[in-house]
Amino acid sequence: MSIELSRRLILTGAAGATLAGATRAVAAKKEEAFPPEAMHLDHALLGPDDGIALLARNENPYGPSESALRMVEYAGKKGAYYPGQANITLAEMIAERHGVDPQQIVITTGSGEALSAIAVLYGPKGPIVAPRLFWDTTALYAVRLGMADITRIPLTDDMGVDLAGIEAAVTKDTGLVQLCNPNNPTGLVSDAKTFKAAVKRMADKTTVLVDEAYMELADDPEGNTCVDLVKAGKDVIVSRTFSKIYGMAGLRIGYTISSEETAEKIRGTAMSWIAGTGLAAAIGAYNDHAFLDFSKSKIVEARQMVMDKTASLGMETLPSQTNFVYFKSGKPANEVQKVMENEKIIVRGQYMDYTDWTRVSMGKLEDVERFCNFLPEAVGA
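Residues numbered from 1 in each chain as written. Predicted model: local features only at pLDDT ≥ 70, side-chain atom pairs only at ≥ 80, totals over all residues. Heavy atoms only, no water.

Caption draft 1: Representation of the overall build of the chain within the structure. Broken down by element type, the chain carries 15 helices and 12 strands. Out of the 381 residues in the chain, the part that is buried amounts to 51%. Considering only contacts within the chain whose residues lie at least 6 apart along the sequence, 76% involve residues at least 24 apart. Of the roughly 17400 Å² that the chain leaves accessible, carbon and sulfur atoms contribute 52%. (Helix = DSSP H or I, 4+ residues; strand = E, 2+ residues; numbered from the N terminus. Buried < 20%, exposed > 50% of the residue type's maximum accessible area, 1.4 Å probe, protein only. Contact = heavy atoms within 4.5 Å. Areas by Shrake-Rupley, 256 points an atom, 1.4 Å probe, with all protein chains shown as cover.)

Structure (structure tokens):
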């Protein structure tokens, strides 16, 4: 296959495609048979086994897009070579969309690598102040290395991020403030005006990291993002990923947007080199708006299915703006997880001491339907 990597092709992506076209393409796509090299395996080499409804890891199973897959094929044929220009090209594309300089963009192997690097950079300076519930895996990476401590601020009564409490905990000795918006595992988006005002004030005292992994799934991404604070010169880092709406969790591409000075520090602390396949896929997918619209529509449809089901069962459910739903079933989350697993439906277990709150990801519609149909039995309703 010949692919011309002109700037025009890269920047337009599949902009000319229609949502209907993307819908037909994804609906018609069939799972490819395992290659001979994988036939001896007892389990699927990548992804879930046949018959498993994997609803635990916030993936988008409708991806990668065809535009990404074409670029993966191209990259595979160039696999003998280090990626070279691809990193620069992707950074230029991201910078152009957000109105920043390419030097303010750091591309990493998933946003997790950037977040881990940031924790290592800022953790030694003082405590990482964060909500009690947030995606803490990368902060805990620095904690395990003895390089950081986390000061957790309880959530509000309605499970929201207590911005006032977090701001009150920030001092001159704070190493970093880490926020996730929309938050994981709650799925909630903070009020934009309140959130940005608090981030702006805290950034006058210390660096504020805003993990926006799910921002493209929010109702108003442009209104809620903190990229404008970066552009205003505030000490803010925004992280994004291709693992969620782009459906590229297995290809491992993420990025940060910050000042050039901060970007250079993150770039110098990142711990790996990015595969050309991931970079190429991200280049192909970045401007494929038809696929993004299709994915968001399917995720929202699945989310509503879950919301309707939990409402019919009288369960407290948080109003998610992500590709997962956090609900209070009245049964221990680990017990729900185990019962679901027996039916080949995989959901998340308990977070911290939130004993009876369960998080379920939005997978393929048929898998979400299986979850909804079995939920009453799983909780004894």
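Having put the structure on the table, let's press on.
Caption draft 2: Structural context of the pairing of strand S8 (residues 254-257). Burial along S8 is two-sided: the face carrying Gly254 and Thr256 and the face carrying Tyr255 and Ile257 are both buried. Pairing geometry for strand S2 (residues 105-108) and S8, over four bridges, is antiparallel. Its bridge partner lying in S8, Val106 is registered against Thr256. Judged from the four bridges that link them, strand S7 (residues 236-241) and S8 form a sheet pairing that is antiparallel. Paired with Val238 across the strands is Ile257, a residue of S8. (Pairing = 2+ DSSP bridges.)

Caption draft 3: Inspection of the side chain of Thr108 at higher detail. On the secondary structure map, Thr108 appears in strand S2. Classification of Thr108 as buried rests on a relative accessible area of 1%. Of the polar contacts made by the side chain of Thr108, one reaches the backbone oxygen of Gly110; its length is 2.8 Å. Those residues in contact with Thr108 that sit more than four places away from it in its chain are Glu113, Ala114, Arg252, Ile253, Gly254, Tyr255, Ala270 and Ile274. (Polar contact = N/O pair within 3.5 Å; in protein donor to acceptor, adjacent residues only side chain to side chain.)

Caption draft 4: Seen up close, the sheet that holds S8. Reading across the sheet, the seven strands line up as S2-S8-S7-S6-S5-S3-S4 and stay open at both edges, with mixed pairing between neighbours. If you trace the sheet from one side to the other, it starts and ends with S2 and strand S4 (150-153), each paired once. Across the sheet, the mean angle separating the axes of adjacent strands is 20° when strand polarity is ignored. For strand S5 (residues 176-180) and strand S6 (residues 208-211), the ladder comprises four bridges, and the chain directions are parallel. Following the sheet pairing, Val177 is matched in S6 by Val208. On top of the sheet, helix H6 (residues 137-144) reaches strand S3 (128-131), S4 and S5; it is set at about 145° to S4, its chief contact. Sheet strands touched by helix H8 (residues 192-203): S5, S6 and S7. Its angle to S6, the strand with the most contacts, is close to 145°. (Axes fitted to C-alpha atoms, helices over the stretch in contact; angles between N-to-C directions.)

Caption draft 5: Quick peek at the sheet that holds strand S12 (residues 357-361). If you trace the three strands from one edge of the open sheet to the other, you get S9-S10-S12, paired in antiparallel fashion. At either margin of the open sheet sits one strand with a lone partner, and together these are strand S9 (316-317) and S12. With respect to the sheet, helix H13 (residues 289-312) is in contact with S9, strand S10 (324-328) and S12, its orientation differing from that of S10 by roughly 10°.

Caption draft 6: Inspection of helix H14 (residues 333-342) at higher detail. Buried within H14 are the following residues: Ala333, Val336 and Met340. Seen end-on, H14 carries its buried residues on one side only, within an arc spanning 60°. Turned more than 90 degrees away from the buried face of H14 sit Lys338 and Asn342, all of them exposed. Looking at the buried positions of H14, the neighbouring elements they touch are strand S11 (345-346), S12 and helix H15 (365-379). Just past H14, the residue Lys344 takes up positive phi, approximately 65°. (Arc of directions from axis to C-beta.)

Caption draft 7: Region of interest: helix H5 (residues 110-122). When the terminal C-alpha atoms of H5 are compared, their 19 Å separation across 13 residues agrees well with the 18 Å that a helix rising 1.5 Å per residue should span. Burial of H5 is extensive: 12 of the 13 residues sit out of reach of the surface. (Expected span 1.5 Å × (residues − 1).)

Caption draft 8: Structural context of the pairing of S5. Most of S5 sits inside the fold, with five of its five residues counted as buried. Here S5 shows a buried face lined by Leu176, Gln178 and Cys180 and a second buried face lined by Val177 and Leu179. In this structure, S3 lies alongside S5, joined through two bridges in parallel fashion. By the bridge assignment, Val129 is partnered in S5 with Val177. Of the crossover connections in this fold, the one passing from S5 over H8 to the parallel S6 is right-handed. (Right-handed = clockwise from strand over helix to strand, strands pointing away.)

Caption draft 9: Layout of the side chain of Asn181. Among the structural elements, Asn181 can be located in the loop between S5 and H8. Separated by 3.0 Å, the side chain of Asn181 and the backbone nitrogen of Ser190 make a polar contact. Those residues in contact with Asn181, other than ones at most four positions away along the chain, are Leu188, Val189, Ser190, Phe195, Val210, Asp211, Glu212, Met215 and Asn224.

Caption draft 10: Geometry of the packing of aromatic side chains. One pass over the structure, following the stated rule, counts nine aromatic pairs. A centroid spacing of 5.2 Å and a plane angle of 80° characterise the contact between Tyr214 and Phe324, whose relative ring orientation is edge-to-face. Of this pair, Tyr214 sits in the loop between S6 and helix H9 (221-224) while Phe324 sits in strand S10, and the two are 110 residues apart along the sequence. Taken together, a centroid distance of 6.0 Å and an interplanar angle of 55° make the contact between Phe242 and Tyr255 tilted. Of this pair, Phe242 sits in the loop between S7 and S8 while Tyr255 sits in strand S8, and the two are 13 residues apart along the sequence. Accessibility expressed as a relative area gives 0% for Phe242, which makes it buried. Classification of Tyr255 as buried rests on a relative accessible area of 2%. Grouping aromatic residues by their ring pairs yields a cluster made of Phe242, Tyr246, Tyr255 and Tyr286. For Arg97, the ring lying beneath its charged end belongs to Tyr286, and the centroid distance is 3.7 Å. (Phe/Tyr/Trp six-rings, centres within 6.5 Å; stacked < 30°, edge-to-face > 60°. Lys NZ or Arg CZ within 6 Å of the ring centre and 35° of its normal.)

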